[in-house]
Amino acid sequence: MSENGTNGDGHGLNGHGPLSLVPKTDAKQTLKDFKTDQEVRWCPGCGDYAILAAVQSFLPELGLRRENITFVSGIGCSSRFPYYMNTYGFHSIHGRAPAIATGLATSRPDLSVWVVTGDGDALSIGGNHLIHALRRNVNLKILLFNNRIYGLTKGQYSPTSEIGKITKSTPMGSLDAPFNPMSLAIGAEGTFVARTIDSDRKHLQSVLRAAAQHRGTALVEIYQNCNIFNDGAFDPLKDADVRDDITIRLEHGEPIVFGAEREKALRRTRAGSFEVVRVTDVDPSEIAVHDAANPDPSQAFALSRLDSPAFEHTPIGIFRDVDRPSYDELMREQVDEAVGTQGRGDLAALLGSGDTWRID
Amino acid sequence: MTKQVQQLDRVIIRFAGDSGDGMQLTGDRFTQETAAFGNDLSTLPNFPAEIRAPAGTLPGVSSFQLHFADHDILTPGDAPNVLVAMNPAALKANLGDLPRGADLIVNTDEFSKRNLAKVGYAANPVEDDSLAEYRVHALPLTSMTVTALADFDISKKDAERAKNMFALGLLSWLYHRPTEGTLGFLEKKFARKPEIMKANIAAFQAGWAYGETTEAFSVQYEIKPAEHEPGLYRNITGNVALAYGLVAAGERSGLPIYLGSYPITPASDILHELSRHKKFGIRTFQAEDEIAAVGAALGASFGGALGVTTTSGPGIALKSETIGLAVATELPLVVIDVQRAGPSTGLPTKTEQADLLQAMYGRNGEAPVPVIAPRSPSDCFDAALEAARIAVKYRTPVILLSDGYLANGSEPWKLPDVDDLPVIEPAFATADDPGFQPFKRDPETLARPWAIPGTAGLEHRIGGLEKADGSGNISYDPANHDTMVRLRQAKVDGIANDVEPLAVDDPSGEARVLVLGWGGTFGAISAAVRRVRKEGRQVAQAHLRHLNPFPANLAEVLRSYDKVIVPEINLGQLALLLRGRFLIDVIGYNQVRGLPFKAEELQGVIQDVMDSE
Ligand SMILES: Cc1ncc(C[n+]2csc(CCOP(=O)(O)OP(=O)(O)O)c2C)c(N)n1
Ligand code: SF4
Ligand SMILES: [Mg+2]
């Protein structure tokens, strides 16, 4: 497979690129081509609008035939997304989109399959399917809209809500520790794990670009504001006064430096975690360099642990992007191998296999 | 010495031993020999739920019953004429089923004090007169095998293990079975261990020779081949037939089969079997759970494959929300439920028919699903094809109710001519169809178009939210919901006009009592009906393949008889449906012992109802 060379499409996958089998179009596409005539029904001001616009204006870049793109979603505000995309779409049931999309992606290599899910959909009811899609590395691009709340059911806490969250179902504060979606995805053998923010279109699209080219499952967590039930959840990352100070923008191959004056950096401790240091206090060689392609996930995991509910410092960008054969390629290869070595199946021969006898 | 040869018309043999004694294999080989000889046959394996229950204990007993005859038979038989008991546990567990005068072959080597004590025998039943009513053949099978294999370079353990082949050889001699099949089988099975192979063959031949030379058996039996229609035959279990039916559905529709499954007894063998046939373009996906399994199957159907999922009752419970989604999105999906005894984990290796109401109604909302059931192991092939036909033609999930008895039981199967199998037409919507609407229905079938991703110009969105009639856009309109609920129901109801009417077997036309069954009870009911008729009495029989919708003539059939008996291995689920639908007070007969009905038992039931007329 990819050991043989690095000059194919995408990441040098020698025909195994996630989009190599998806038909392209020469026709020029614009954002408009991806809009439907359905009225968008999110609350005014909801972060989902920004994500929709970012996706619709990004897709033309891929140059894929529209009919070969499919969006599959679960249930939640975010999962209404497919109705607004002029592609094929499947709004399914709560939590099960990765499973349904797995069946689609593994049987149709000519499709670009996207999953849209929420923090409740993906991490609560559908947690099992998410982790298994990640470990299998099915050719799916999963957009996890994380608003840290159940939007559609009107404001209960979610598995990403901070401890002590006061909601309708937790009037005295929620008791359970949240998931860190990046840590979870890395722990689940995810090969592409990234985070971005609804309000930063440029960053969001740069992550989508990389995700689209990734071989296998790409998990993109998108911090999304629910202005009705959890307004301002990510404000520190958006506030022009503090955001540069606390946002760690991960760039593959670059030293991890951040802060308004780029005065802070990350250094790996002997225990393997990261600590924040002042650039002026350390030798440049001590500053960690981000290596998203490192097969060993421990660095990416350590980065994911820098989060805190108080947003002291929050990494965004691509935590991990490693090359591994996708499940659908492998499944296809087994079918091809069976046909190749045994010949295309013959029904009469199959029925008559084993011990038979003839009666005249 | 020359032995007397006695003609029999039928025999029921049960091989019983410890799980580690190879009884399933022994039974299977005897079955193959019997099939090759041309007898009609029917088998019933019975094995413990535990993989390795402690050796020599009652829970560890595994058995295999085979009924074979010179005429066509319908069941694995009520009670064995011959029991082979490889240890005290096997004797104790099976003796209750043995009628007086039956032959009993026991392996005395295993009847040690310790083994007897393990199952609560204070004294050795072979040595006192507690087995006096049987024809006991007390044979040291293990030590005779070890002696016969003295010259082989194998361990004592391996020599002892071959005792099942000694027993098989003996029984093969006793019933005049051909041996080539078993010799060929052993050569293949142990191809990589030539010494073990030769030893097993030697054990088999020693068993045969023992029968021929010893005084212990004075009679040899002959059961003439049965009259069968000309054709090519093989023996087949329900699970394999079902898997083949799915392969055939793929070939006859041109659709790739996509199986999403999660292992569960007694359905796993269908997953195992289909995963071996990738050269037909079949994809098998072992999912993380049943929900993902059916989800992946439905996703594949959305993409234009024939999505299939296989499971047992507990798995259906998990799949129900997705089956509802398939109802709402009107996509083809084949759901196989190999029923086992419930509720909950129940008796995983035992059979039952108690998922009928779950299949009919186990979903939220009005969610009609066609339900069909095979009647015999080989019929699983045709039932699978029929499920696929309905699913594709009507764009609907279909539930097929097999059961543990059909799944593992076997019978001879006359291979169909592949060209005669039904053709299934996917009839995909095509690019740029000007009038395309995702929920515009075919006026005749009420099926919606199947427009798959990759088809230019037909991009659309589907989902579980209610859709506007025609356009398929989300609709919260009350009248539209009422329309859509009724349309989905009418579509399923309409299938009644597209299935074979219910056939009634009433040779004299004078019967006043009808026995109506469904699914895996066909053999037992038919055998019981034959017995009743043999006594000169008239009884009619009919068996349902289609449980939803019922065949169009069912009401008329039911009303043609004074009394309708409905035997089921549940507490009366079909009976409830019939009463509710037709206001006919059918007479239920219900047993839930995890075992198939016995012909004699049903004969009694039928006669009692007739006598009470
Ligand atoms: C089986 C099932 N259980 C519960 C629900 C109700 N439900 C719908 S969406 C949702 C939570 C959605 O939260 P999230 O995934 O975070 O999506 P958001 O609305 O925040 O985008 C719940 C509990 C459902 N539709 N189906
Ligand atoms: S409830 Fe929140 S997440 Fe849902 S549409 Fe409104 S703002 Fe968006
Ligand atoms: Mg949410």
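Everything below is about the structure printed above this text.
Notes on the structure in this doc start here. The shown structure was predicted, so the numbers you read here are calculated from the model rather than taken from an experiment. (Residues numbered from 1 in each chain as written. Chains lettered and ligands numbered in written order. Predicted model: local features only at pLDDT ≥ 70, side-chain atom pairs only at ≥ 80, totals over all residues. Heavy atoms only, no water.)

**Concerning the overall build of chain A**
- Counting its regular elements, chain A contains eleven helices and twelve strands.
- In terms of overall size, chain A behaves like a compact globule, its C-alpha atoms giving a radius of gyration of 22 Å where 360 residues would be expected to give roughly 21 Å.
- The dimensions of chain A, computed from C-alpha atoms along their principal axes, are 90 × 50 × 45 Å.
- Counting only residues that meet the buried cut, chain A has 57% of its 360 residues in that class.
- In the structure as shown, chain A presents an accessible area of about 14800 Å², 50% of it carried by carbon and sulfur atoms. (Helix = DSSP H or I, 4+ residues; strand = E, 2+ residues; numbered from the N terminus. Rg over C-alpha atoms; globule rule 2.2 N^0.38 Å. Buried < 20%, exposed > 50% of the residue type's maximum accessible area, 1.4 Å probe, protein only. Areas by Shrake-Rupley, 256 points an atom, 1.4 Å probe, with all protein chains shown as cover.)

**Notes on the site of ligand 2**
- All residues adjacent to ligand 2 are A:W42, A:C43, A:C46, A:C77, A:N147, A:Q224, A:C226, A:N227, A:I228 and A:F229.
- Broken down by class, the residue content of the shell around ligand 2 amounts to seven nonpolar, three polar and no charged. (Near = heavy atom within 4 Å. Nonpolar A, V, L, I, M, F, W, Y, C, P; charged D, E, K, R; others polar.)

**Observations concerning the sheet that holds strand β14 (residues 371–372) of chain B**
- In space, the seven strands of this open sheet follow the order β11-β10-β12-β13-β15-β14-β21 (chain B), with mixed pairing throughout. The open sheet has two edge strands, β11 (283–286) and β21 (546–548) of chain B, and neither has a second partner. (Pairing = 2+ DSSP bridges.)

**Re the sheet that holds strand β16 (residues 410–414) of chain B**
- In spatial order, the strands read β12(A)-β9(B)-β16(B); together these three strands make up an open sheet with antiparallel pairing. In this open sheet, the two strands that pair with only one neighbour each are β12 (356–359) of chain A together with β16 of chain B. Neighbouring strand axes in the sheet, compared pairwise and without regard to direction, differ in orientation by 30 degrees on average.
- When strand β9 (residues 231–237) of chain B meets β16(B), the two strands line up antiparallel, connected through five bridges. Paired with B:Y233 across the two strands is B:K414, which belongs to β16(B).
- Sheet contacts for helix α1 (residues 23–37) of chain B: β12 of chain A together with β9 and β16 of chain B; angle to β9(B), the most-contacted strand, approximately 160 degrees.
- Seen against the sheet, helix α9 (residues 238–253) of chain B touches β9 and β16 of chain B and runs at an angle of roughly 115 degrees to β9(B). (Axes fitted to C-alpha atoms, helices over the stretch in contact; angles between N-to-C directions. Contact = heavy atoms within 4.5 Å.)

**Here's the deal with the packing of α1(B) against helix α7 (residues 180–189) of chain B**
Residue and element names in this part refer to chain B.
- Contact pair α1 / α7: the axes reach a minimum separation of 9 Å and the direction vectors enclose 135 degrees. Between α1 and α7, the crossing angle belongs to the class labelled oblique. Between α1, through L25, R29 and E33, and α7, the contact on the second element is made entirely by G181, T182, F185 and K189.
- Classifying every residue of the contact of α1 with α7 gives two nonpolar, two polar and three charged. (Parallel < 35°, antiparallel > 145°, perpendicular 65-115°, else oblique.)

**Thoughts on the site of ligand 1**
- Of all residues adjacent to ligand 1, which total 17 residues, the nearest are A:C77, A:S78, A:D119, A:G120 and A:D121.
- Close to ligand 1, residues of chains A and B are found.
- In this structure, an oxygen atom belonging to ligand 1 sits 2.7 Å away from a side-chain N or O atom of A:S78.
- Note that an oxygen atom of ligand 1 is positioned 2.9 Å from one of the backbone N or O atoms of A:G120.
- Across the complex, the protein chains shield 77% of the 590 Å² of accessible surface that ligand 1 would expose by itself.
- Ranked by residue count, the leading element in the shell around ligand 1 is helix α3 (residues 119–125) of chain A, at four residues.
- Its residues placed into classes, the shell around ligand 1 shows six nonpolar, eight polar and three charged. (Polar contact = N/O pair within 3.5 Å; in protein donor to acceptor, adjacent residues only side chain to side chain.)

**Structural notes on the pattern of salt bridges**
Residue and element names in this part refer to chain B.
- Under the definition given, this model contains 39 salt bridges over all chains.
- Note that D379 and R545 form a salt bridge whose closest N and O atoms lie 2.7 Å from each other. Remark: R545 occurs in the loop between β20 (540–544) and β21 and D379 occurs in helix α14 (residues 379–394); sequence separation between them is 166 residues.
- With a relative accessible area of 9%, D379 lands in the buried category.
- Relative accessible area serves as the criterion here: at 22%, R545 is assigned to the partly exposed category.
- One network of salt bridges, in which partners are shared, links E386, R389, K393 and D498. (Salt bridge = Lys/Arg side-chain N within 4 Å of Asp/Glu carboxyl O.)

**A few points about unusual backbone geometry**
- Note that the residue after B:T265, namely B:P266, is joined by a cis bond; omega there is 0 degrees.
- With respect to the element layout, B:P266 can be found in the loop between β10 (257–261) and α10 (268–275).
- The step from B:G342 to B:P343 runs through a cis peptide bond, and the omega angle for that step is 0 degrees.
- Following the sequence through the fold, B:P343 ends up in the loop between β13 (333–339) and α13 (356–361).
- Positive phi values are uncommon outside glycine, yet A:K154 reaches one of about 75 degrees.
- Mapped onto the fold, A:K154 is located in the loop between β4 (141–146) and α5 (181–187).

**Here we look at the interface of chain B and chain A**
- Facing the 68 residues of chain B at the interface are 59 residues of chain A.
- With both sides pooled, the region where chain B packs onto chain A buries about 5400 Å², and carbon together with sulfur makes up 61% of that total.
- Linking chain B with chain A are three salt bridges.
- We note a salt bridge from A:R344 to B:E251, for which the minimum N-O separation is 2.4 Å.
- Along the contact surface separating chain B from chain A lie 29 residue pairs in polar contact (both at pLDDT 80 or more).
- Elements represented by at least two residues in the side of chain B that touches chain A include exactly α1, β9, α9, β11, α11 (290–302), α12 (313–329), β16 and β17 (461–463) of chain B.
- Counting residues per element, the side of chain B that touches chain A draws most heavily on α11(B), which supplies eight residues. (Buried area = accessible area lost by both parts, 1.4 Å probe.)

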